[in-house]
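Listed here are the chains, written in short residue letters.
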Amino acid sequence: MHISIVGSGNVAWHIAKAVLGAKHVVDSIASRTPEHAQALARAVGASCCSVQYLPTTSDVYIVAVADDAIAQVVAQLPHNFQGVVAHTSGATHIDILSAFDNYGVLYPCQTISQNTQLNYARLPFFVEGNNDTSLSTLKNLAQSISELVSTVSSEQRSYLHVAAVMSGNFTNHLLLLTQQYMQSHGLNFDMLQPLMEQTIAKAFSTNPLSAQTGPARRHDEATLAIHRQLLTDENMLAIYNMLTRSIEKTYNK
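Here, residues in each chain are numbered from 1, in the same order as that chain's written sequence. Selection of residues for local features in this predicted model requires a pLDDT of at least 70, selection of side-chain atom pairs for listing and counting requires 80 or more, and totals for whole chains, interfaces and linings are taken over all residues. To obtain the side-chain values, all non-hydrogen atoms of the structure were included, while hydrogens and water were left out.

Draft legend 1. Molecular detail of the pattern of salt bridges. What makes a salt bridge here is a side-chain nitrogen of Lys or Arg within 4 Å of a carboxyl oxygen of Asp or Glu, nothing more. Taken as a whole and assessed by the stated rule, the structure comprises 3 salt bridges. Between Glu128 and Arg157 there is a salt bridge, and its shortest N-O distance comes to 3.1 Å. Here Glu128, found in strand β7 (residues 125-129), pairs with Arg157, found in helix α5 (residues 154-184); they are 29 residues apart in sequence, far enough to count as distant. Each of the two residues, Glu128 as well as Arg157, counts as buried. What counts as a helix is a DSSP run of H or I of at least four residues, what counts as a strand is a run of E of at least two, and both are numbered from the N terminus. Only protein chains enter the area calculation, which uses a 1.4 Å probe; residues under 20% of their type maximum are buried, those over 50% are exposed, and those in between are partly exposed.

Draft legend 2. Structural detail: the packing of aromatic side chains. Only Phe, Tyr and Trp rings take part, Trp by its six-membered ring, and two of them pair if their centres are within 6.5 Å. Stacked means planes under 30 degrees apart, edge-to-face means over 60, and tilted covers everything else. Within the structure shown, the criterion is met by 3 aromatic pairs. Centroid distance Phe81 to Phe100: 6.2 Å. Interplanar angle 10°. Geometry classified as stacked. Taken together, the residues span a long stretch of sequence, with Phe81 in the loop between α3 (70-76) and β5 (84-87) and Phe100 in the loop between β5 and β6 (103-108) at a distance of 19 residues. In terms of burial, Phe81 and Phe100 fall into one category: buried.

Draft legend 3. Molecular detail of the side chain of Thr137. The residue Thr137 is located in helix α4 (residues 132-145) in this model. Residues count as neighbours in contact if any of their non-hydrogen atoms are within 4.5 Å of one another. Ignoring anything within four residues of it in the chain, the contact list for Thr137 reads Met1, Asp59, Val60 and Val84.

Draft legend 4. Looking closely at the nonpolar core. In this structure, Ile5, Ile29, Ile62, Leu106, Phe125, Leu141 and Ile145 are the most contacted members of the largest nonpolar core, which totals 33 residues. Those elements that provide at least two residues to this core are β1 (2-6), α1 (10-21), β2 (25-30), α2 (34-44), β4 (60-63), β5, β7 and α4. Here this core gets 6 residues from one element, more than from any other, and that element is α1. Residues within four places of Ile29 in sequence aside, it is in contact with Ile5, Gly7, Ala37, Leu40, Ala41, Ala46, Ser47, Cys48 and Cys49. Residues enter a nonpolar core if they are buried and are Ala, Val, Leu, Ile, Met, Phe, Trp, Tyr or Cys, with the set joined through side-chain atoms within 4.5 Å.

Draft legend 5. Local environment of a nonpolar patch on the surface. Put simply, a patch holds well-exposed residues, over 30% relative accessible area, that have no salt bridge, with like charges counted together within 9 Å and Val, Leu, Ile, Met, Phe, Trp or Tyr side chains within 5 Å. Each accessible area value is a Shrake-Rupley result obtained with a 1.4 Å probe; residue values ignore everything except the protein chains displayed when judging cover. A surface patch of nonpolar side chains, about 310 Å² in accessible area, is lined by Val162, Met166 and Phe170. Along the chain, Val162 turns up in helix α5. Judged by its relative accessible area of 47%, Val162 is partly exposed.

Draft legend 6. Region of the structure containing empty space enclosed by the protein. A cavity here means a set of 1 Å grid points, computed over protein atoms only, where a 1.4 Å probe fits but cannot escape. A pocket is an open set with protein on both sides within 12 Å along at least 5 of 7 lines, and lining residues have an atom within 4 Å of a point. Grid points are joined across faces, edges and corners, and a volume is the space filled by probe spheres set on the points. In this structure the tally under the stated criterion is 1 cavity of 30 Å³ or more. Considered as a void within the structure, the largest cavity measures approximately 40 Å³ in volume. The wall of the largest cavity is formed by His79, Phe81, Gly83, Val85, Phe100, Asp101 and Asn102. Only Asp, Glu, Lys and Arg are considered charged in this grouping, and only Ala, Val, Leu, Ile, Met, Phe, Trp, Tyr, Cys and Pro are considered nonpolar; every other residue, Gly among them, is considered polar. Split by residue class, the lining of the largest cavity holds 3 nonpolar, 3 polar and 1 charged.

Draft legend 7. Up close: the sheet that holds β2. In this scheme, strands are said to pair when DSSP sees at least two bridges between them. Taking strand neighbours across the sheet as the criterion, the 8 strands line up as β3-β2-β1-β4-β5-β6-β7-β8 in an open arrangement whose pairing is mixed. Every other strand in the sheet has two partners, leaving β3 (47-49) and β8 (149-151) as the edge strands with one partner each. The average angle at which neighbouring strand axes cross in this sheet is 25°, direction not considered. Judged from the 3 bridges that link them, β2 and β3 form a sheet pairing that is parallel. Paired with Ala30 across the two strands is Cys49, which belongs to β3. The sheet contacts of α1 involve β1, β2, β4, β6 and β7, and relative to β1 the element is tilted by about 170°. Axes here refer to lines fitted to C-alpha atoms; in helices the fit is confined to the stretch in contact. Angles between the N-to-C directions go from 0 to 180 degrees.

Here it is, written out as structure tokens:
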């Protein structure tokens, strides 16, 4: 397939590399930051242009920009594209692209940074199309890159995105708070890596409900009280108490 990409941020970089690795052709890169677009275009052997001058003959146009920029970008795009126009957002409805004949969503559900190595064959893609042609085209593209491709509606994808934020972004923030807490007490954050790896592995090999351990799960009030005394930061104490109450409620207390 011939692919054009709008955007030059983290998602655009990885999509472009994944597309190229799957033996597709990247026709053109367009971005509101020309120097970033030029760098990505050079990396994947594509041309570089403004959105108004994208080629009209690409098979797929991937709008890989921030959620709050999609509507603005779409308003600038020509409406005579022959191919499928797709955005990569987890939280944006497919209908934002309804000005086009063929449109859809190509959502990679993963934490993505430009310089992070990703195994594209294990990069989950969630696709949606406004008709059979759009859906088939986007599924074929996704399946040429990854083994993990699912079809979901915009409503399902919105729920998925909430779950992704809670499980991914929130967990990372808890790890940041934990890292800062440990450093403030002369401890190395890396000490927790085996625990975290085992926690995640066990949650998926069994299920999170049965995998839960800890003082809140055991209703160990003495240990909980000691922990609260050791949490002098009000923000961390509030988070600790909120999650403790949630665990206790889950296990009937």
